[in-house]
Amino acid sequence: MESENKKSPVSDVGAWAMNVVSSVGIIMANKQLMSSNGYAFTFATTLTGFHFAVTAIVGLVSNATGLSISKHVPMWELLWFSIVANTSITAMNFSLMLNSVGFYQISKLSMIPVVCVMEWILHSKHYSKEVKLSVMVVVIGVGVCTVTDVKINAKGFICACLAVVSTSLQQITIGSLQKKYSIGSFELLSKTAPIQAVSLLVFGPFIDYFLTGKFVSSYKMSTGAMIFIFMSCSLAVFCNVSQYLCIGRFSAVSFQVLGHMKTVCVLTLGWLLFDSEMTFKNIMGMLIAVVGMVVYSWAVEADKSAIKALTHPKNSLTEEEIRLLKEGVENIPLKDVELGQSKV
């Protein structure tokens, strides 16, 4: 979209707000849908297939009505991206099943340094000391408020590593594809969503069977469950669009760092809505994480200003500089051009 190329601060904030609100909303909806106290719909991979199916339908309608323009992206790149993205989803589900909650949270926190290393390897991207320090503060803060018991096993460790690498690569690829083909976030999503939807709906039930021991066809659907599935799918459209939008506007690292604001929001809403325990450790961890996010935002803006100053040197003089220059010229004695002597 053309408007997407004009990255105003207001639209940047809007993109982040959409991602945070939709992500937190979908977590709350899925918590009610999948928990044993709710509707016990435990088929996470199949539900993700529903999400992408609805997103694909929205994309097709948008293209058909002319609200968005479909640009060409080679099919092999779309297939490659879909394989990486689906591997991320599947590996995350297996990691959550095989690992303790503590180790699962640690694996998610490790995505920030992994993304940094991968961007350095793939795109020769470097980071300032301030950015690295702020990333460490965010990781420590989120770790303090989320990590509890840590138990490691071989299968869980392999799944966690696969999940971290594939998720990091997926987020980097989103940004690189948008830049490479000058394609908007929603246009790219409308091309990848149908492929992901078909593959997840075909293989998802078997993956869920391996995870839960039950097929989705055995689930007794109720009106309440259908309402929450519809809510989850609707929020997923905004979540998917905003993810592509944010990574396209910023970077995979920024998306990961500021994305931890969602963790803080989820913990807070869980305490307010679901009577989850809120300890002093949680509060301190959230405060440290928020400080880290603020410092990270400042460090990134400082880097941008420094790069801008180097690439766009000042080519105009201020009024004060012009006045000083004039005074300097007036005080220089005039010389005869031919004799090289001062004129009295």
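Further up the page is the structure itself.
Treat the numbers as computed from the prediction; the structure is a model and nothing was measured.

(A) Representation of the overall build of the protein chain. From N to C terminus, the protein chain includes 13 helices and zero strands. Going from N to C terminus, the protein chain has its helices and strands arranged as α-α-α-α-α-α-α-α-α-α-α-α-α. For the protein chain, with 344 residues in total, the buried portion stands at 44%. Counting only contacts in the protein chain whose residues sit at least 6 apart along the sequence, the fraction spanning at least 24 positions is 84%.

(B) Quick look at the pattern of salt bridges. Enumeration over the complete set of coordinates arrives at one salt bridge. K180 is the salt-bridge partner of E77, the closest N and O atoms lying 2.9 Å from each other. Of this pair, E77 sits in helix α4 (residues 75–98) while K180 sits in helix α8 (residues 154–181), and the two are 103 residues apart along the sequence.

(C) Representation of the packing of α4 against helix α9 (residues 185–212). It is the contact of α4 with α9, at a shortest axis distance of 9 Å, that shows an interaxial angle of 35°. As for the relative orientation of α4 and α9, their crossing is right-handed in sense. Only L188, K191, T192, I195, Q196, S199, L200, I207, F210 and L211 of α9 make contact with α4, whose side of the interface consists of M75, L78, L79, F81, S82, A85, N86, I89, T90, N93, F94 and M97. Per-class residue counts for the contact of α4 with α9 are 14 nonpolar, seven polar and one charged.

(D) Quick look at unusual backbone geometry. In this structure, A40 is a non-glycine residue whose phi angle is positive, near 55°. Of note, A40 is situated in the loop between α2 (9–34) and α3 (44–64). Even without being glycine, S182 reaches a positive phi, approximately 50°. Here S182 shows up in the loop between α8 and α9.

(E) Just the nonpolar core, in detail. Judged by nonpolar contacts, the single largest core of 20 residues is most densely connected at F52, F81, I174, L188 and Y244. When residues of this core are traced back to their parent elements, those giving at least two are α3, α4, α8, α9 and α10 (223–249). Top contributing element to this core by residue count: α9, with six residues. Beyond its immediate sequence surroundings of up to four residues, F52 is in contact with I89, A193, Q196, A197, L200 and N240. In terms of nonpolar packing, the next biggest core, distinct from the first, is built from ten residues, L33, L47, Y219 and A225 among them.

(F) Molecular detail of the environment of S95. With respect to the helices, strands and loops of the structure, S95 is situated in helix α4. When its relative accessible area of 1% is taken as the criterion, S95 is described as buried. When the C-alpha positions of S95 and A163 are compared, they lie 7.4 Å apart, and in sequence the two are 68 residues distant. Leave out the neighbours within four places in its chain, and S95 touches Y104, S107, C159 and A160.

(G) Quick peek at the packing of aromatic side chains. Enumeration over the complete set of coordinates arrives at eight aromatic pairs. Where F41 meets F43, the ring centres are 5.2 Å apart and the plane angle is 75°; that geometry is what we call edge-to-face. Like F41, the residue F43 is buried in the burial classification. Ring geometry for F94 and F210: centres 5.5 Å apart, planes at 50°, overall tilted. With a gap of 116 residues between them, F94 in helix α4 and F210 in helix α9 connect regions that are remote in the sequence.

(H) The arrangement of the side chain of T192 in detail. As for its placement among the helices and strands, T192 is situated in helix α9. Side chain to side chain, T192 and Y244 meet in a polar contact 3.2 Å long.

How each quantity is defined
- Residues numbered from 1 in each chain as written.
- Predicted model: local features only at pLDDT ≥ 70, side-chain atom pairs only at ≥ 80, totals over all residues.
- Heavy atoms only, no water.
- Helix = DSSP H or I, 4+ residues; strand = E, 2+ residues; numbered from the N terminus.
- Buried < 20%, exposed > 50% of the residue type's maximum accessible area, 1.4 Å probe, protein only.
- Contact = heavy atoms within 4.5 Å.
- Salt bridge = Lys/Arg side-chain N within 4 Å of Asp/Glu carboxyl O.
- Axes fitted to C-alpha atoms, helices over the stretch in contact; angles between N-to-C directions.
- Left-handed = near helix turned anticlockwise from the far one by under 90°.
- Nonpolar A, V, L, I, M, F, W, Y, C, P; charged D, E, K, R; others polar.
- Core = buried A, V, L, I, M, F, W, Y, C linked by side-chain atoms within 4.5 Å.
- Phe/Tyr/Trp six-rings, centres within 6.5 Å; stacked < 30°, edge-to-face > 60°.
- Polar contact = N/O pair within 3.5 Å; in protein donor to acceptor, adjacent residues only side chain to side chain.

Structural measurements only, silent on function.
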